[in-house]
Structure formats: structure tokens, C-alpha cells
Amino acid sequence: MSTPRKSPKRPAIRTASAPPGRPADRPADDEIWPRVTRELADDLAVDALARDRAGKAPFDEVARLQEAGLPALLTAPGPTRRGADWRAACAVVREISAADSSVGELLAHHYALSWSSRFFGPAAQDVDDAPSPALSLDVCTAEERWLLAGGVEPPRAGTDPGLTLTPADGPGGGWILDGRRAFASGVTVADRLVVGARPGGTGDLLVVLVDPAHPGVFTDPDTERVGQRLAGAGTVTFDRVPVDPGHVLGVLPHDEHAVAPFTTLAPLALRLLLVQVGLGIAEGALAEARDISRAGQAGPALGDRAGGTSAADGIAPAGAGDDPYLLLAYGELATAAHAAAAVVERATDALARGLLAEWALGLEERADIAVLVAAAETVTGRAAVHITTRILELVDGTAGADVRGGGPGFDRFWRNARALTAPTQAAHRLRDIGDHYLNGTHARLTLLA
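Residues numbered from 1 in each chain as written. Predicted model: local features only at pLDDT ≥ 70, side-chain atom pairs only at ≥ 80, totals over all residues. Heavy atoms only, no water.

A short note on the environment of A289
Looking at the element boundaries, A289 is found in helix α8 (residues 265-294). Between the C-alpha atom of A289 and that of L394, which follows or precedes it by 105 residues, the distance is 8.2 Å. When residues no more than four places from it in sequence are discounted, the contact partners of A289 are Y330, I391, V395 and F410. (Helix = DSSP H or I, 4+ residues; strand = E, 2+ residues; numbered from the N terminus. Contact = heavy atoms within 4.5 Å.)

Structure follows, in C-alpha cells:
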């Protein structure tokens with residue numbers, strides 16, 4: 001088991017918005033985010049293969065994200081802050097993932113978790129003339145330059161036993177956190193962990209914030225992953241870790257019928273952000289393969305085949321870009337990517353509208369959003385695996401794509417797509433979509449992603 005990881009001590013979470021004169025370290029105008037994202041994506045793409053081969057913990061990647069200011073993108077708007085919306089966050093994750101999907105997954109989990117106090121905290125209408133604690137986590141995340149990791153959802157049956165909370169002794173109250181959980185992203189490099197735990201192991205789920213530098217927190221990196229190797233996945237053990245009452249971000253009722261529709265957008269937001277990662281993988285693989293083909297490295301030119309002409313004959317040979325079979329293949333793959341993007345964009349718009357509605361969101365609207373997210377998940381997952389598999393066939397054996405020779409290493413796109421989509425049960429998603437379409441049935445209000 002690893003030793004506790006040290007990190008700089010930072011102030012405890014606050015429930016008030018940022019005071020005047022302390023703007024978050026981030027650009028002031030949302031219009032520059034596309035340019036910032038594009039520059040970072042270009043930078044990550046340069047050494048993506050080398051970093052994937054090395055398989056080290058993504059400290060350097062997190063430093064690049066922080067330098068660009070992207071972890072603070074979803075900070076709530078305020079007098080000293082200018083927040084971007086979920087459409088912008090999804091676009092950022094998608095473009096970063098096209099360059100390095102592991103970094104995209106890091107950012108996806110961070111964005112979803114940064115809204116934990118908004119999803120699980122008290123409804124805005126229940127707060128009277130006081131700063132809403134729903135602003136606290138995302139504001140602190142921006143001000144303190146935190147990267148968040150963890151997971152709120154309870155473990156699936158037959159996996160981890162979950163995390164438990166017991167009341168702390170002493171006048172200050174609070175809780176003691178114990179247990180062990182595996183997490184898909186970010187735990188090896190996170191500044192703070194957001195986790196869900198049950199008092200006594202039963203009842204309502206409390207969402208709490210934990211400092212991973214505490215001596216009672218131990219992280220074991222998952223170094224044997226086939227794909228998404230730089231996502232910072234690992235298993236975290238909590239051994240009598242104190243949780244201050246002010247670090248309880250909210251609660252998820254055990255009775256799913258008591259859960260507000262807005263709260264149930266939390267897993268949908270994470271799922272859609274991970275869909276953006278999958279779409280980015282497909283688009284990144286397709287773009288790199290296209291570059292190889294344009295350079296004439298995606299296969300032998302027609303003129304070089306038996307009986308063909310060559311430049312020595314005084315006739316310009318047909319290039320790879322004139323191969324009708326190659327054109328057909330790229331047409332098929334580009335169409336699959338366009339179709340997935342269209343479905344994803346529709347789901348993104350629906351989720352953005354639902355998030356704007358907040359606590360006024362109704363059950364019907366939530367059900368419609370869930371169906372669109374499930375459709376985007378299914379279509380994009382299949383497209384990502386198909387495109388990355390087909391790309392391997394198109395570039396197989398060419399000098400530009402030979403991993404052993406130092407080429408682009410297209411296998412990483414396939415490995416990442418498989419690792420990202422493997423946990424998703426496409427049949428279950430399709431069944432829910434069909435039940436909603438045929439019978440008007442709502443999918444269960446479950447937090448499981």
C-alpha cells in the first residue's frame with residue numbers, strides 16, 4: 001500500500017462567494033476559452049504518445065491544465081468571476097480529449113464534481129438572504145486552484161463495500177470516514193476528493209470533501225490499465241479520516257423518490273462529459289489518420305501496384321488520396337463521427353437547459369434529458385470503438401503508423417476508447433430508451449452512472 005501523499009495545505013472550504021479584490025486566477029472573458037483550449041490541445045498532442053508509453057502519474061498534465069486555467073472554467077459567475085456554461089465545458093473536454101483523452105477524462109470528472117455542492121446542497125429557495133452554499137465548492141476550486149477527483153455514486157452491487165461515516169467525538173462534531181473505493185480518474189494527483197459515504201453504512205448518502213494529504217488517506221495507483229493510462233485512476237483507502245461539518249457538501253436521500261430531479265442531473269452531467277471524451281477520441285484518431293493519408297503514408301499508391309505507372313514513366317502516379325476504397329472508408333468513418341456529434345450536441349443542449357432550470361426542473365424534463373444522454377452515450381460509444389478499430393486497419397503496417405518505429409501509435413486511440421466505453425452497458429441504455437419511447441416510462445432516478 002502506498003504512503004500518504006503530501007500536498008500543500010489550503011484553507012477550509014467557505015460558504016461565501018469570493019470577496020472583492022480576490023479574483024480567481026482565470027481569464028476574464030469567456031470568448032478566449034476556445035483559443036486557450038486549442039493551444040493546450042496542440043501542446044498535449046505533441047508528446048501524447050511518449051507520455052502514454054511512459055504511463056506516469058499525470059502531474060505534468062495537471063500543471064498544464066492549471067497553467068491554462070481550465071479547471072476553473074465552471075466557476076459560478078459573480079462580481080469578481082466570470083463563469084462559463086456547460087456547453088463551453090463540454091467543448092473544452094471534447095477538444096482536449098482529441099489530443100489526449102486521459103487528460104480529457106481528468107477534466108470531465110473534475111467539472112462534474114465541482115458542482116457537487118450545487119447538486120446535493122440545499123435548494124436555492126430554502127436559503128434566506130444568505131450566501132448560497134451551492135456556490136462554495138466551485139468558487140473554492142477556482143480560488144485555491146484545486147483539481148477534484150473521486151465519485152459520489154454508491155458502489156454497484158458486488159463491488160466495493162462503500163465508504164462509511166461514524167459520528168466524531170468531541171464538541172466540534174463532524175464525522176470519521178472509513179472504507180476503500182476504486183475511482184476511475186484523478187485520485188493520484190487530486191488536491192481534494194469528493195466522495196459519497198453513508199453514516200453507519202446505511203441510510204442517506206452524505207457528500208463530503210476530503211484532503212488526500214491527510215495521513216489517513218492512502219492511494220494505490222492503477223498502473224495496469226489497458227487504456228486511459230494517464231487518467232490517474234486508483235484505489236483510495238480512508239482510515240479514520242476526520243470530516244469537518246463544514247466539509248459536508250450535501251446529502252442524497254436513500255429513497256430515490258425523495259430525490260429532486262435537479263439532483264439526479266449529477267450522474268447525467270458526468271456521463272455526458274465522458275461522452276465528450278469518447279467523441280474526442282474518435283475525432284482525434286480520425287484527424288491523425290487523415291494527416292497520415294494526406295502525406296501519402298496510409299497505404300501504397302495505386303500507381304505502385306502491379307502493372308501500375310510510376311513517376312519514372314513520366315506520368316504522375318495516383319496517390320493514396322485517389323484510392324476509391326480509402327475514400328469510401330474515410331467517408332464511412334467521417335459520417336459516423338458526424339452522426340455521433342449531432343446526437344451529442346442535442347443532448348448537450350438539453351442538459352444545459354436542465355441545469356439552468358435548477359430546482360424548477362420537472363420529472364418529465366429530467367426523463368427527456370436522460371433519454372438523450374443515453375442515446376448520445378450509445379451512439380458515441382459504438383462510433384468511437386468502430387472508428388478507432390477501422391483506423392488501425394487503414395494505417396496497419398505503414399511507416400507513419402508503426403509504433404515500434406516511433407510513429408503516431410494509433411493503437412492508443414483504440415485502447416482508450418475500449419477502456420472508456422467498457423463500463424457502459426449499451427443494452428441497458430437501449431432498453432431504457434425503448435421503454436421511454438414505446439411506453440413513456442421514466443428511467444429510474446438512480447445516481448449510478
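Concerning the confidence of the model for the protein chain
Looking at the protein chain as a whole, the pLDDT averages 81, with 77% of positions reaching at least 70. Looking over the protein chain, one finds the lowest element-wise mean pLDDT in helix α7 (residues 136-143), namely 84, and the highest in helix α5 (residues 101-114), namely 96. Scored below 50 in pLDDT, residues 127-135 makes 13 contacts in the model with residues more than four places away or belonging to other chains. Throughout residues 297-318 the model reports pLDDT below 50, and contacts reaching past four residues in sequence, or to other chains, amount to 29 contacts. (pLDDT = per-residue confidence, 0-100.)

Concerning unusual backbone geometry
Glycine aside, residues mostly have negative phi angles, and peptide bonds mostly take the trans form. Phi is positive for R145, which is not a glycine, with a value near 60°. Summarising the element assignment, R145 is placed in the loop between α7 and β1 (148-151).

Overview of the packing of helix α10 (residues 363-395) against helix α12 (residues 426-439)
Contact pair α10 / α12: the axes reach a minimum separation of 9 Å and the direction vectors enclose 140°. One way to sum up the angle between α10 and α12 is to call them oblique. In this structure, the crossing between α10 and α12 has a hand that is left-handed. Between α10 and α12, the residues in contact are A367, D368, V371, A374, A375, E377, T378 and R382 and A426, R429, L430, I433 and H436, respectively. Here the residues of the contact of α10 with α12 sort into seven nonpolar, two polar and four charged. (Axes fitted to C-alpha atoms, helices over the stretch in contact; angles between N-to-C directions. Parallel < 35°, antiparallel > 145°, perpendicular 65-115°, else oblique. Left-handed = near helix turned anticlockwise from the far one by under 90°. Nonpolar A, V, L, I, M, F, W, Y, C, P; charged D, E, K, R; others polar.)

As for α7
Extensive coverage of α7 is indicated by the burial of eight of its eight residues. Every buried residue of α7 is listed here: S136, L137, D138, V139, C140, T141, A142 and E143. The elements touched by buried residues of α7 are α5, α6 (116-120), β1, β4 (192-199), β5 (205-210) and β8 (248-252). Of the residues trailing α7, R145 is marked for its positive phi of about 60°. (Buried < 20%, exposed > 50% of the residue type's maximum accessible area, 1.4 Å probe, protein only.)

Section: the environment of D204
Here D204 shows up in the loop between β4 and β5. Given the relative accessible area of 37%, D204 is considered partly exposed. For the pair formed by D204 and L252, sequence separation is 48 residues and the distance between their alpha carbons is 5.8 Å. Those residues in contact with D204 that lie beyond four places of it in its chain are A197, R198, P199, V251, L252, P253 and H254. A distance of 2.8 Å separates a polar atom in the side chain of D204 from the backbone nitrogen of H254. (Polar contact = N/O pair within 3.5 Å; in protein donor to acceptor, adjacent residues only side chain to side chain.)

Observations concerning the packing of aromatic side chains
One pass over the full model with this rule turns up six aromatic pairs. On the basis of an interplanar angle of 90° and a centroid distance of 5.3 Å, the ring pair of W86 and W115 is categorised as edge-to-face. With a gap of 29 residues between them, W86 in helix α4 (residues 86-99) and W115 in the loop between α5 and α6 connect regions that are remote in the sequence. Both residues of the pair, W86 and W115, belong to the buried class. The interplanar angle of 55° and the centroid separation of 5.8 Å between the aromatic rings of W115 and F119 together place this pair among those described as tilted. With relative accessibility at 0%, the residue F119 sits in the buried group. Counting every residue linked through ring pairs, the aromatic cluster contains W86, W115, F119, F120, F262 and W359. Above the plane of the ring of W115 lies R118, whose end atom (NZ or CZ) is 4.2 Å from the centre. (Phe/Tyr/Trp six-rings, centres within 6.5 Å; stacked < 30°, edge-to-face > 60°. Lys NZ or Arg CZ within 6 Å of the ring centre and 35° of its normal.)

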